[in-house]
Amino acid sequence: MELLKIAAFSDGERGGNPAGVAIADALPTEAEMQRIAADVGFSETAFAAPLAGGGWRVRYFSPESEVPFCGHATIALGAALALRDGDGRFELTLNQAVISVEGRRDAGVIAAALQSPPTRSAAISDALLEETLALFGYQRGDLDPRIPPARIHGGADHLGLVLRSRESLSAMRYELDAGRRLMNREGLVTILLGWAESPTRFHTRNPFASGGVYEDPATGAATAAFAGYLRDIDWPHGGEIEIIQGEDMGSRSILHARIPDERGSSIRVSGTARVMPD
């Protein structure tokens, strides 16, 4: 097995979200993948093995559980496959979807772009909203009324809350065990907290208590889900948004999401990646 550590959605030679990428002739057992992910210790590790008919079988594990889709680990996998096999587009068969990732090298920079699973969104109950606000110590008045709270999906379920101010986003705090209980009960992978700097530029933070991680510095799956939600509410996104994530953690990450017109269709999420030393 080849095991790489790659920071996806990096800001040059800094930042990004570290992911493990394990490439083997055949996937290990589920128990082995869970153990390896826990040993790697990053928020997710992608496991990939070639399929007989072409493409790759891929599964994602956090230190505590399997997740159906992980954006930053997919970007890391695209970078790893480009380093291994050369620039190209790679088809990935996940547990619940078939997607693709592109990887390319250009003057020492590794770039990758994924096509997310289909997106969807739905309103949330007042009870879930109140519980989530209480988890973070927010009030309804802290929310941006232009972007209502919602359950958003782009391969996995997330809850999206957009705040009125950057200061409120910076002040995000919560209790990990309480967040884990809420997310696991509701089937949420992360909660996306955001602030709109402009119609096309957002700052986000992503608590990932369901996977035992306090906060993710870059979350491609939630970015895809959020971009799809902006399309659903006819937000003036102009066809593409930029996400700045991880600043409050000291790991600034940059994600780009291209948004086609067709509702529910795949979102293209892209960024650069850097190989981390062992």
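Right above here is the structure, for reference.
Residues numbered from 1 in each chain as written. Predicted model: local features only at pLDDT ≥ 70, side-chain atom pairs only at ≥ 80, totals over all residues. Heavy atoms only, no water.

In the structure shown here, the tally under the stated rule is 24 salt bridges. One salt bridge connects arginine 59 with glutamate 66, and the closest N-O pair in it is separated by 2.8 Å. The buried category is assigned to arginine 59, whose relative accessible area is 16%. Of the charged contacts, one joins glutamate 247 and arginine 252 as a salt bridge, the two residues approaching to 3.1 Å between their closest N and O atoms. On the basis of relative accessibility, which here comes to 32%, the residue glutamate 247 falls in the partly exposed class. (Salt bridge = Lys/Arg side-chain N within 4 Å of Asp/Glu carboxyl O. Buried < 20%, exposed > 50% of the residue type's maximum accessible area, 1.4 Å probe, protein only.)

Pairing analysis gives six bridges linking strand β6 (residues 88–93) to strand β7 (residues 98–106), with the strands arranged antiparallel. Each residue of the ladder has a partner; that of glutamate 91, found in β7, is serine 100. Judged from the seven bridges that link them, β7 and strand β8 (residues 109–115) form a sheet pairing that is antiparallel. Among the inter-strand pairings, glycine 103 is bridged to a residue of β8, identified as alanine 112. Between the antiparallel neighbours β7 and β8 lie two residues, among them alanine 107 with a positive phi of about 55 degrees. (Pairing = 2+ DSSP bridges. Helix = DSSP H or I, 4+ residues; strand = E, 2+ residues; numbered from the N terminus.)

Let's shift gears to empty space enclosed by the protein. Space left empty within the atom packing is revealed by a probe, the size of a water molecule, rolled over the atoms. Taken as a whole, this structure holds one cavity of 30 Å³ or more when the rule is applied. Size it by volume and the largest cavity reaches roughly 60 Å³. Contributing to the lining of the largest cavity are 13 residues, with Glu44, Cys70, Gly71, Thr219 and Ala221 lying nearest its centre. When contributions to the lining of the largest cavity are tallied by element, the ones reaching two or more residues are α2 (71–85) and α6 (220–232). For the lining of the largest cavity, the residue count by class is five nonpolar, six polar and two charged. (1 Å grid on protein atoms, 1.4 Å probe; cavity = no way out; pocket = protein on both sides within 12 Å on 5 of 7 lines; lining within 4 Å. Points joined across faces, edges and corners; volume = space filled by probe spheres on them. Nonpolar A, V, L, I, M, F, W, Y, C, P; charged D, E, K, R; others polar.)

This paragraph deals with the side chain of serine 251. Counting through the fold element by element, serine 251 comes out in the loop between β15 (240–245) and β16 (253–258). The class of serine 251 is buried, set by a relative accessible area of 17%. Ignoring anything within four residues of it in the chain, the contact list for serine 251 reads Gly15, Gly16, Pro217, Gln245 and Gly246. (Contact = heavy atoms within 4.5 Å.)

Turning our attention to the environment of arginine 151. In this fold, arginine 151 is placed in strand β10 (residues 150–153). Put simply, arginine 151 and alanine 122 are 29 residues apart on the chain and 5.2 Å apart in space, counted from C-alpha to C-alpha. Those residues in contact with arginine 151, other than ones at most four positions away along the chain, are Arg120, Ser121, Ala122, Ile124, Asp157, His158, Glu186, Gly187 and Leu188. Reaching out from arginine 151, the side chain makes a polar contact with the backbone oxygen of glutamate 186 at a distance of 3.0 Å. (Polar contact = N/O pair within 3.5 Å; in protein donor to acceptor, adjacent residues only side chain to side chain.)

Moving on to helix α1 (residues 30–40). Each α-helix winds once per 3.6 residues, and so residues spaced three or four apart point in a common direction. Considered for burial, the residues of α1 that qualify are Met33, Ile36, Ala37 and Val40. For α1, the buried positions fall inside an angular range of 100 degrees around the axis, keeping them on one side. Turned more than 90 degrees away from the buried face of α1, the exposed residues are Ala31 and Asp39. In this structure, the buried residues of α1 make contact with β1 (2–10), β2 (17–23), β3 (45–50) and β4 (56–61). Trailing α1 by a residue or two, glycine 41 shows a phi angle of about 85 degrees, which is positive. (Arc of directions from axis to C-beta.)

Moving on, we come to the packing of helix α3 (residues 126–136) against helix α5 (residues 176–186). In contact at an axis separation of 10 Å, α3 and α5 are set at 155 degrees when each is read in the N-to-C sense. The pairing of α3 with α5 is recorded here as roughly antiparallel in orientation. Crossing angle aside, the handedness with which α3 passes α5 is left-handed. Together, Leu128, Glu131, Thr132 and Leu135 of α3 and Ala178, Gly179, Leu182, Arg185 and Glu186 of α5 make up the contact between the two elements. For the contact of α3 with α5, the residue count by class is four nonpolar, two polar and three charged. (Axes fitted to C-alpha atoms, helices over the stretch in contact; angles between N-to-C directions. Parallel < 35°, antiparallel > 145°, perpendicular 65-115°, else oblique. Left-handed = near helix turned anticlockwise from the far one by under 90°.)

By themselves, these figures tell us nothing about what the structure is for.
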